[in-house]
Every structure is written in structure tokens, then in C-alpha cells.
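Observations on chain architecture
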Amino acid sequence: MSAGERLAAVRGKLGELSLDAFLVLGAENRRYLSGFTGSAGGLIITPDRAFLATDYRYLEQVQTEAPGFTVLKWKNRPGEVLAQALGPGPHRLGFEKEILTCGEFERIKAAAAEVELVPVEGLVENLRAVKDADELGAIREAAALVVSVWERVPALLREGRGEAEAALDLEFELRRAGSEEAPFQIILASGPQAALPHARPGGRRLARGDVVILDVGAVRRGYASDFTRTLVVGPAESRHRELHQIVVQARDAAVAKVAPGVKAAEVDRAAREVIAAAGYGEAFGHGLGHGVGLAVHEAPRLTAESADVLAAGMVVTIEPGLYIPGWGGVRVEDMVLVTPDGCEVLTPLPTDLVEL
Ligand code: ZN
Ligand code: ZN
């Protein structure tokens, strides 16, 4: 979708929800609709106008990044500019329910008594779930970048190296290869630490026989990638192989399910059934996956409770895992693009257990 089409989609929702305007404060939503990449600002979208409010630091930047928007200067409080954008009231103003803070809500009410604040859920997030060609190009680059540095990973994970040290080296490799920033802190969890699904790399040194969960991503043109493999320092033992095989089978079963029109919860179930049938149902406590785009975690959600339905153009992760307290864990994560007739894996690296 072009910038104009994105705004048109928001305006269509204004009509449906009987809103006079929609206030956008979420960083990714703001960037998606306006192109503005700064750290602070708000959009006010009305049926026929589009305002971008930002502070002194960004007044020049917005001229080039968001040329279609009327720029308003603020000190970062929506209440300062509502009257300017909306004119005399009353108005029904939609806002992002999951983003506007309680404090800001109260300040807007105090500053603009004639504005009725209407909580709206997922309006821009749902648009963002389906990627256009430009977005897909950026996501493909971010995924390819991780794939391109992966061959250097074994050299970084030598026995005796500290987790944090190895993670930092990998981050340098990714940045040098063209990643704009780290989309999230690398998860490099070794030995018993690998039982923590989101462990931070710490001072632990890699030892022979350790299982290592490595979860990394890159960013290109604002779009993220997200990828995990499990490795073993030295030769794998039978338990490593057994658990890893279960996870890969769960991953394969889920990938085989992905297609337009399929419920996200069904894809989650496909993986969960494989793990439960192997007797490890309790060891897979998190959701199967999530959408990836301007945010690393975004719509749709691939969980047992999700009401989302997959559509062509969505990019999601498939990341089943098993976590055994005191022993460690195994996770395999790939990014897939939902295509008109199924899916395409965007991180096409072998899913084999890697022995270092
Ligand atoms: Zn990940
Ligand atoms: Zn993920």
C-alpha cells in the first residue's frame, strides 16, 4: 500500500467507528502511516487532513520524511495541538488503546474538554499485519542478512567463551553486514540457562556438552528479522538429539499448516500436538509465533488463544521450543511469508542440530 492508501484505510475506519479523527502515538504506527522515523511525534488523521505534530528537534526532518502532512509544533503533549488540528468541538477522537498512557489520557481530557476520547484497538496494527512489496523487500533483506552471517557463528561460540562476549561479537557481525540496529537483545543462552526462553547473555562460559539457544535478528529500512537455532558445544548427546528432533517436527508440522484463511490458533495447535504427543506438552509454555515487521513482535499472534486468521502477505515466525529446568532447552525459529497457496520460508537455513 502506498502512503495514500494507508491513510485512506484509516479514514475508512473513521467512518465505520463514527470518529472525527484518529490520534496516532505509537512509533511503528506513526512511521507506517507517515514515513517519519523520529522518536517523538503524533499524527492526527481526519477525513480530509493529516497532521504530524512533533517537537523542535524534528521540524526539518519531517519536511522530507512526511511531505504530505501538515506539521504542527508541540512539546510532546497531544493536548497542545488538538484545538489547532480539529477546530471548534465537539469531536470524537479515536486513540490507540494499547499505547496512550493513562497520564496522557487524563492530560488530554483536562486540556480539551470538548474532545470525546474513544479507545480503538488494533486499527493500524491490523493494516501492518499484511505487508506490501516494499515492506517485504526490507524484511527479505533483514532475513537474508542473518542468513549471511550465520556461517560465522560456529567460530564465535568456542568452548570457554563468555555468552555476553560471543553475543557482542555476533552483534558486530550483523551491524557490519548492514543491520541498522539490533531489533532486540540477542538471546544466547547456554547450558541450564537455555531453559529460560528469553535469557539474557551473561558471564557464563561455554562448556563442552552445553546446549546453546541463539536467537538473533537484523533490521533493514526499519523492518526486523527474527531467527533461532539450537547448537551444542562438542558432540550432541542422545537427549539433545531427541528433544531437537521433536522441536523440528513441531516446526515442520506448523510450517505445513501455514496458508491464507487458516486460523493462527490452528497453526499453534499443529506444533503443540507434536510436542504433546512426544510427552513434553508442559515444556512448551509460550506461543508458537508472531508477526514481524516494523516491530519484532506484532500482529498476527500465533497462540492457542489467538483469533487471528492468516492472510497472504503476512510474515510470521514459527518458533516451537522445549525448556527443561536445570537441563536447558531447544528452540528453532524461522520466518515465513504467507503466500497465496501456502508459505515461503524466509530464513532458509538447515534446521539440523548444529554441533560445534
Ligand atoms: Zn526470536
Ligand atoms: Zn520470535
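Residues numbered from 1 in each chain as written. Chains lettered and ligands numbered in written order. Predicted model: local features only at pLDDT ≥ 70, side-chain atom pairs only at ≥ 80, totals over all residues. Heavy atoms only, no water.

1. Looking at the domain arrangement of the protein
Annotation of the protein at the domain level lists domain 1 (3-128) and domain 2 (133-355). Every contact between the two is made by seven residues of domain 1 and, on the other side, eight residues of domain 2. For the domain 1 face of the interface with domain 2, the top three residues by lost area are Glu 28, Arg 31 and Arg 128, together amounting to 65%. Taken together, domain 1 and domain 2 are joined by two salt bridges. With its nearest N and O atoms 2.7 Å apart, the salt bridge here joins Arg 128 to Glu 298. Between domain 1 and domain 2 we count two residue pairs in polar contact (both at pLDDT 80 or more) in total. Counting residues per element, the ones that place at least two in the side of domain 1 that touches domain 2 are helix 2 (27-34) and helix 6 (123-129). When its residues are assigned to classes, the side of domain 1 that touches domain 2 shows one nonpolar, one polar and five charged. (Domains from an automatic or database assignment. Contact = heavy atoms within 4.5 Å. Buried area = accessible area lost by both parts, 1.4 Å probe. Salt bridge = Lys/Arg side-chain N within 4 Å of Asp/Glu carboxyl O. Polar contact = N/O pair within 3.5 Å; in protein donor to acceptor, adjacent residues only side chain to side chain. Helix = DSSP H or I, 4+ residues; strand = E, 2+ residues; numbered from the N terminus. Nonpolar A, V, L, I, M, F, W, Y, C, P; charged D, E, K, R; others polar.)

2. Describing the coordination of the zinc ion (ligand 2)
The zinc ion (ligand 2) binds to the protein through Asp 226 (OD), His 290 (NE2), Glu 319 (OE) and Glu 333 (OE), with metal-donor distances spanning 2.1 Å. Sequence positions of the residues that donate to the zinc ion (ligand 2) give the spacing D-x63-H-x28-E-x13-E. In this structure, the zinc ion (ligand 2) lies 3.2 Å from the zinc ion (ligand 1), and both are coordinated by Asp 226. In this pair, Glu 319 sits in the loop between strand 14 (315-318) and strand 15 (321-324) while Glu 333 sits in the loop between strand 16 (328-331) and strand 17 (334-339), placing the two residues 14 residues apart along the sequence. The burial state of Glu 319 is the same as that of Glu 333; both residues are buried. (Donors = N, O, S within 2.8 Å, 3.2 Å for Na, K, Ca; no water. Buried < 20%, exposed > 50% of the residue type's maximum accessible area, 1.4 Å probe, protein only.)

3. Side note on the sheet that holds strand 6 (residues 115-120)
What the six strands build is an open sheet, ordered 4-3-2-1-5-6; its pairing is mixed. Of all the strands in the sheet, just strand 4 (70-73) and strand 6 have a single pairing partner and so form its edges. Averaged over neighbouring strand pairs, the angle between their axes works out to 25° when direction is ignored. In the packing of helix 1 (residues 3-16) onto the sheet, the strands contacted are strand 1 (21-24), strand 2 (42-45) and strand 3 (50-54), and the crossing angle to strand 2 comes to about 60°. (Pairing = 2+ DSSP bridges. Axes fitted to C-alpha atoms, helices over the stretch in contact; angles between N-to-C directions.)

4. What about the packing of helix 7 (residues 133-149) against helix 9 (residues 163-176)?
With their axes 10 Å apart at the nearest point, helix 7 and helix 9 run at an angle of 125° to one another. Considering the angle they form, helix 7 stands oblique to helix 9. Helix-helix and strand crossings are classified by hand; for helix 7 and helix 9 the assignment is right-handed. Residues Leu 145, Val 146 and Val 149 of helix 7 lie in contact with helix 9, whose contacting residues are Leu 170, Glu 173 and Leu 174. Taken together, the residues of the contact of helix 7 with helix 9 break down into five nonpolar, no polar and one charged. (Parallel < 35°, antiparallel > 145°, perpendicular 65-115°, else oblique. Left-handed = near helix turned anticlockwise from the far one by under 90°.)

5. Overview of the coordination of the zinc ion (ligand 1)
Only Asp 215 (OD), Asp 215 (OD), Asp 226 (OD) and Glu 333 (OE) from the protein reach the zinc ion (ligand 1) as donors, at distances of 2.0 to 2.4 Å. For the zinc ion (ligand 1), the four donor atoms in the first shell make angles of 58 to 149° at the metal, so the coordination geometry reads as irregular. (Tetrahedral: all angles 85-135°; square planar, octahedral: opposite > 155°, others 65-115°.)

6. Looking at helix 9
Given a rise of 1.5 Å per residue, 14 residues ought to cover 20 Å, and the 20 Å separating the end C-alpha atoms of helix 9 matches this to within 8%. Considered for burial, the residues of helix 9 that qualify are Glu 163, Ala 166, Ala 167, Leu 170, Glu 173 and Leu 174. Around the axis of helix 9, the buried residues are gathered within 115° of arc, so they sit on the same side. Buried residues in helix 9 make contact with helix 7, helix 8 (153-156), strand 7 (187-190) and strand 8 (211-216). Of the residues one or two after helix 9, Gly 178 is the one with positive phi, at around 120°. (Expected span 1.5 Å × (residues − 1). Arc of directions from axis to C-beta.)

7. Thoughts on the packing of helix 10 (residues 238-257) against helix 11 (residues 264-277)
At a minimum axis distance of 8 Å, the contact between helix 10 and helix 11 shows a crossing angle of 155°. Here helix 10 is positioned roughly antiparallel relative to helix 11, judged by the angle of their axes. Between helix 10 and helix 11 lies a crossing of right-handed hand. Residues Ile 246, Gln 249, Ala 250, Ala 253, Ala 254 and Lys 257 of helix 10 form the contact with helix 11, whose participating residues are Glu 266, Val 267, Ala 270, Ala 271, Val 274 and Ile 275. In terms of residue class, the contact of helix 10 with helix 11 is made up of nine nonpolar, one polar and two charged.

8. Observations concerning the pairing of strand 17
Counting buried positions along strand 17 yields six of six residues, so the element is predominantly enclosed. Of the two faces of strand 17, the one carrying Asp 334, Val 336 and Val 338 and the one carrying Met 335, Leu 337 and Thr 339 are both buried. Two elements, strand 14 and strand 17, share four bridges in a ladder whose sense is antiparallel. Within strand 17, the position partnered with Thr 317 by the bridge is Met 335. Where strand 17 and strand 18 (residues 342-345) come together, four bridges link them in antiparallel fashion. If you follow Thr 339 over to strand 18, its bridge partner there is Gly 342. Count of turn residues in the strand 17/strand 18 antiparallel hairpin: two residues.

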